[in-house]
Amino acid sequence: MNAFSFLSKERDEGITMVLDKGLSPNFIRDYLRVCGKHIDFVKFGWGTSAVQDRDVVKEKISIYKEYGIKTYPGGTLFEAAFSKGMFDEFLEECKDLGFDGVEISNGSMDFSLEDRKYAIKRAKDEGFIVLTEVGKKSVEKDRELTIEDRIKLINFDLECGADYVIIEGRESGKCIGLFDEKGNVKKDELEILAKNVDIKKVIFEAPNKNQQVEFILKFGSGVNLGNIAYDEVISLETLRRGLRGDTFGKV
């Protein structure tokens with residue numbers, strides 16, 4: 001039971017996805033004692049799992065599983081495998097390591113809608129939770145996408161069987177997707193998005209506090225948020241529960 005449990009209820013909806021950039025197993029064990037129950041997904045960022053020993057990756061995944069946390073490798077690793085014609089080997093390795101999901105993205109490369117559909121369905125057939133990502137890593141290329149483009153791709157992925165669609169925000173949360181150069185949310189684009197997609201199936205990458213506050217105030221404490229730094233999980237949970245000034249009395 002939480003301290004001061006009479007002041008707030010446990011969260012029963014909304015995803016918190018945390019970015020693991022190479023945390024050690026021992027650190028994770030201690031870390032999850034503090035905030036494990038507030039985390040739903042952990043992404044092994046970009047290609048970080050490919051530069052760690054297999055046994056270490058397996059151990060980390062096993063620790064996360066003890067807390068009911070779903071894990072998946074970053075989309076860049078998928079892109080590296082798919083671009084080399086090694087998608088089958090990629091899925092097999094993900095399965096052997098114990099990952100629960102895979103991320104299908106084209107942030108650093110281009111591939112057809114047909115290939116995107118194939119990758120989603122193939123991963124689903126193998127029993128993975130499928131998260132796709134909409135957006136580009138390059139600021140210049142991402143700016144070429146209109147909000148209508150993003151909406152079409154989100155709905156396309158969901159129709160193909162994706163479980164969730166992540167809106168690219170990168171680790172910085174600036175100049176990408178729904179964020180301007182200062183990291184502020186583009187409210188007009190968010191309004192259009194909200195009217196045209198199933199928000200419960202969307203995960204907003206929101207590494208910065210002001211972005212987390214914006215999404216919580218717009219969609220409620222159960223909004224899905226991702227790319228949360230490991231040391232910001234508790235802070236985010238207080239925002240969700242109105243236990244921090246930014247959301248106090250508003251959620």
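So, here's what we can say about the structure. (Residues numbered from 1 in each chain as written. Predicted model: local features only at pLDDT ≥ 70, side-chain atom pairs only at ≥ 80, totals over all residues. Heavy atoms only, no water.)

## Focus on a nonpolar patch on the surface
1) Next: Taken together, the side chains of Phe 4, Phe 6, Leu 7 and Leu 243 present a nonpolar region at the surface, about 510 Å² in accessible area.
2) Next: Mapped onto the elements, Phe 4 comes out in the segment before β1 (16-20).
3) Next: Judged by its relative accessible area of 60%, Phe 4 is exposed. (Patch = residues over 30% accessible without salt bridge, like charges linked within 9 Å, V, L, I, M, F, W, Y side chains within 5 Å. Areas by Shrake-Rupley, 256 points an atom, 1.4 Å probe, with all protein chains shown as cover. Salt bridge = Lys/Arg side-chain N within 4 Å of Asp/Glu carboxyl O. Helix = DSSP H or I, 4+ residues; strand = E, 2+ residues; numbered from the N terminus. Buried < 20%, exposed > 50% of the residue type's maximum accessible area, 1.4 Å probe, protein only.)

## Side note on the packing of aromatic side chains
1) Next: Evaluation of the coordinates by the stated rule reveals 19 aromatic pairs.
2) Next: With a centroid separation of 5.3 Å and an interplanar angle of 40°, the aromatic rings of Phe 78 and Phe 82 are classed as tilted. Separated by four residues within a single helix, Phe 78 and Phe 82 lie in helix α3 (residues 75-83), roughly one turn from each other.
3) Next: Given the relative accessible area of 16%, Phe 82 is considered buried.
4) Next: Between Phe 87 and Phe 90, the aromatic rings sit 6.3 Å apart at their centres with planes inclined by 20°, giving stacked as the arrangement. (Phe/Tyr/Trp six-rings, centres within 6.5 Å; stacked < 30°, edge-to-face > 60°.)

## Looking at the nonpolar core
1) Next: Core analysis: the biggest nonpolar cluster contains 61 residues, and Leu 193 and Phe 204 have the highest contact counts within it.
2) Next: Among the elements that line this core, the one with the most residues is helix α4 (residues 87-97), at five residues.
3) Next: Dropping the residues within four chain positions of it, Leu 193 is found in contact with Ile 147, Ile 151, Ile 154, Ile 167, Leu 178 and Phe 204.
4) Next: Formed by seven residues, the second largest nonpolar core is a distinct cluster that contains Ile 15, Met 17, Phe 41 and Tyr 72. (Core = buried A, V, L, I, M, F, W, Y, C linked by side-chain atoms within 4.5 Å. Contact = heavy atoms within 4.5 Å.)

## A word on the pairing of strand β5 (residues 129-134)
1) Next: The element β5 is extensively covered by neighbouring structure, given that five of its six residues are classed as buried.
2) Next: As paired elements, strand β4 (residues 101-104) and β5 share four bridges and run parallel to each other. Looking at the pairing, Glu 103 lines up with Leu 131 of β5.
3) Next: Each parallel crossover has a hand, and the one from β4 via helix α5 (residues 113-125) to β5 is right-handed.
4) Next: Note: β5 against strand β6 (residues 164-167), four bridges, orientation parallel. Note on β6: the bridge partner recorded for Val 134 is Ile 167. (Pairing = 2+ DSSP bridges. Right-handed = clockwise from strand over helix to strand, strands pointing away.)

## Considering helix α10 (residues 233-240)
1) Next: Taken together, the buried positions of α10 are occupied by Val 233, Leu 236, Glu 237, Leu 239 and Arg 240. The buried residues of α10 occupy one face: seen down the axis, they fall within an arc of 155°.
2) Next: Each element contacted by the buried residues of α10 is listed here: β1, α1 (25-35), α9 (209-219) and β8 (225-228).
3) Next: Directly after α10, the chain includes Gly 242, whose backbone phi takes a positive value near 70°. (Arc of directions from axis to C-beta.)

## Notes on the environment of Tyr 72
1) Next: Summarising the element assignment, Tyr 72 is placed in strand β3 (residues 70-73).
2) Next: C-alpha of Tyr 72 to C-alpha of Val 130: the two residues are 58 residues apart in sequence and 9.2 Å apart in space.
3) Next: Once you skip the residues sitting within four places of it in the chain, Tyr 72 turns out to touch Met 17, Phe 41, Val 42, Lys 43, Phe 44, Phe 99, Gly 101, Val 102, Glu 103, Leu 131 and Ile 166.

## Some remarks on the sheet that holds strand β2 (residues 41-44)
1) Next: Ordered by their spatial adjacency, eight strands build an open sheet running β3-β2-β1-β8-β7-β6-β5-β4, and the pairing between neighbours is parallel. Looking at which strands have only one partner, the edges of the open sheet turn out to be β3 and β4. For this sheet the average axis-to-axis angle between neighbouring strands, irrespective of direction, equals 25°. (Axes fitted to C-alpha atoms, helices over the stretch in contact; angles between N-to-C directions.)

## Some details on α9
1) Next: The complete set of buried residues in α9 reads Gln 211, Gln 212, Val 213, Phe 215 and Ile 216.
2) Next: Elements that come into contact with the buried residues of α9 comprise α8 (187-196), β7 (202-205), β8 and α10.
3) Next: Downstream of α9 by one or two residues, Gly 220 has phi in the positive range, about 100°.

## Looking at the packing of α1 against helix α2 (residues 54-66)
Helix packing for two helices is described by the angle between their axes and how far apart those axes are.
1) Next: In contact at an axis separation of 10 Å, α1 and α2 are set at 10° when each is read in the N-to-C sense. Put simply, α1 runs roughly parallel to α2. Two secondary-structure elements touch here, α1 through Pro 25, Ile 28, Arg 29 and Leu 32 and α2 through Val 56, Glu 59, Lys 60, Ile 63, Tyr 64 and Glu 66.
2) Next: Partitioned by chemical class, the residues of the contact of α1 with α2 number six nonpolar, no polar and four charged. (Parallel < 35°, antiparallel > 145°, perpendicular 65-115°, else oblique. Nonpolar A, V, L, I, M, F, W, Y, C, P; charged D, E, K, R; others polar.)

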